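Analysis of the macromolecular model
Residues per chain are reported as follows:
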Amino acid sequence: QVQLVESGGGLVQPGGSLRLSCAASGSIFSLYAMGWYRQAPGKQRELVAAITNGGTTNYADSVKGRFTISRDNAKNTVFLQMNSLKPEDTAVYYCNLHYVLSKTDYWGQGTQVTVSS
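Here is a short report on the structure shown in this document. (Residues numbered from 1 in each chain as written. Predicted model: local features only at pLDDT ≥ 70, side-chain atom pairs only at ≥ 80, totals over all residues. Heavy atoms only, no water.)

**Considerations on the packing of aromatic side chains**
Tallying each qualifying case throughout the model produces three aromatic pairs. A ring pair is formed by Tyr 37 and Trp 107, whose centres lie 5.0 Å apart and whose planes are at 65 degrees; its orientation type is edge-to-face. Within this pair, whereas Tyr 37 is found in strand β4 (residues 32-39), its partner Trp 107 is found in strand β10 (residues 104-107), the two being separated by 70 residues in sequence. Judged by its relative accessible area of 23%, Tyr 37 is partly exposed. (Phe/Tyr/Trp six-rings, centres within 6.5 Å; stacked < 30°, edge-to-face > 60°. Helix = DSSP H or I, 4+ residues; strand = E, 2+ residues; numbered from the N terminus. Buried < 20%, exposed > 50% of the residue type's maximum accessible area, 1.4 Å probe, protein only.)

**Brief notes about the nonpolar core**
The biggest cluster of nonpolar side chains holds 29 residues, and the ones touching the most others in it are Met 34, Trp 36, Leu 80, Met 82 and Tyr 93. Within the residue set of this core, elements represented by two or more residues are β1 (2-7), β3 (18-26), β4, β5 (46-51), β7 (67-72), β8 (77-82), β9 (91-99) and β11 (111-115). What Leu 80 contacts, discounting residues up to four positions off in sequence, is Leu 18, Arg 19, Leu 20, Trp 36, Val 48, Ala 49, Phe 67, Thr 68, Ile 69 and Tyr 93. (Core = buried A, V, L, I, M, F, W, Y, C linked by side-chain atoms within 4.5 Å. Contact = heavy atoms within 4.5 Å.)

**Observations regarding a nonpolar patch on the surface**
Taken together, the side chains of Leu 31, Val 100 and Leu 101 present a nonpolar region at the surface, about 280 Å² in accessible area. Locating Val 100 in the fold gives a position in the loop between β9 and β10. (Patch = residues over 30% accessible without salt bridge, like charges linked within 9 Å, V, L, I, M, F, W, Y side chains within 5 Å. Areas by Shrake-Rupley, 256 points an atom, 1.4 Å probe, with all protein chains shown as cover. Salt bridge = Lys/Arg side-chain N within 4 Å of Asp/Glu carboxyl O.)

**Observations concerning unusual backbone geometry**
Its identity as a non-glycine residue notwithstanding, Asn 76 has a phi of 50 degrees, on the positive side. Residues other than glycine seldom take positive phi values, yet Ser 84 does so here, at roughly 50 degrees. Among the structural elements, Ser 84 can be located in the loop between β8 and β9.

**A few points about the pairing of β11**
Only one face of β11 is covered, namely the one carrying Thr 111, Val 113 and Val 115; the face carrying Gln 112 and Thr 114 has none of its residues buried. Here strand β2 (residues 10-12) runs beside β11; their pairing, made up of three bridges, is parallel. Bridge pairing in β11 links Val 12 to Val 115. Bridge analysis of β9 against β11 gives three bridges, and the strand direction is antiparallel. (Pairing = 2+ DSSP bridges.)

**Points about the sheet that holds β8**
Strands pair in a sheet through their backbones, by hydrogen bonds, and they do so in one of two ways: parallel or antiparallel. Read from one edge of the open sheet, four strands run β1-β3-β8-β7, paired in antiparallel fashion. At either end of the open sheet lies a strand with only one pairing partner, and these are β1 and β7. Here the strands of the sheet are splayed against their neighbours by 15 degrees on average, with no regard to which way each runs. Where β1 meets β3, six bridges bridge the pair, whose relative direction is antiparallel. Bridged to Val 2 within β3 is Gly 26. (Axes fitted to C-alpha atoms, helices over the stretch in contact; angles between N-to-C directions.)

Below is the structure:
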């Protein structure tokens, strides 16, 4: 019922920046949080950043001070501004929508972020 489409990934040199976008469509209810996860080759998927419907944010320690998550509630869209990128940030980044009441998760298709010189 809910579809998430990410965009904005690509190849960037260390120290560069990227801005990821995720647009949600379909039957979307009001009480939900959105976030970004990433999965590098051979590693477990991890939470990068999340934001509640009230605007409260949470970041992984590894990205604090470098990444910023934001959302446009009217457009059901979440963004991830990534600055000072490091090679260790290389991963497939997935958008997530989490319904609070039912604890149901929806996932985007993923977008590749590669940080390399």
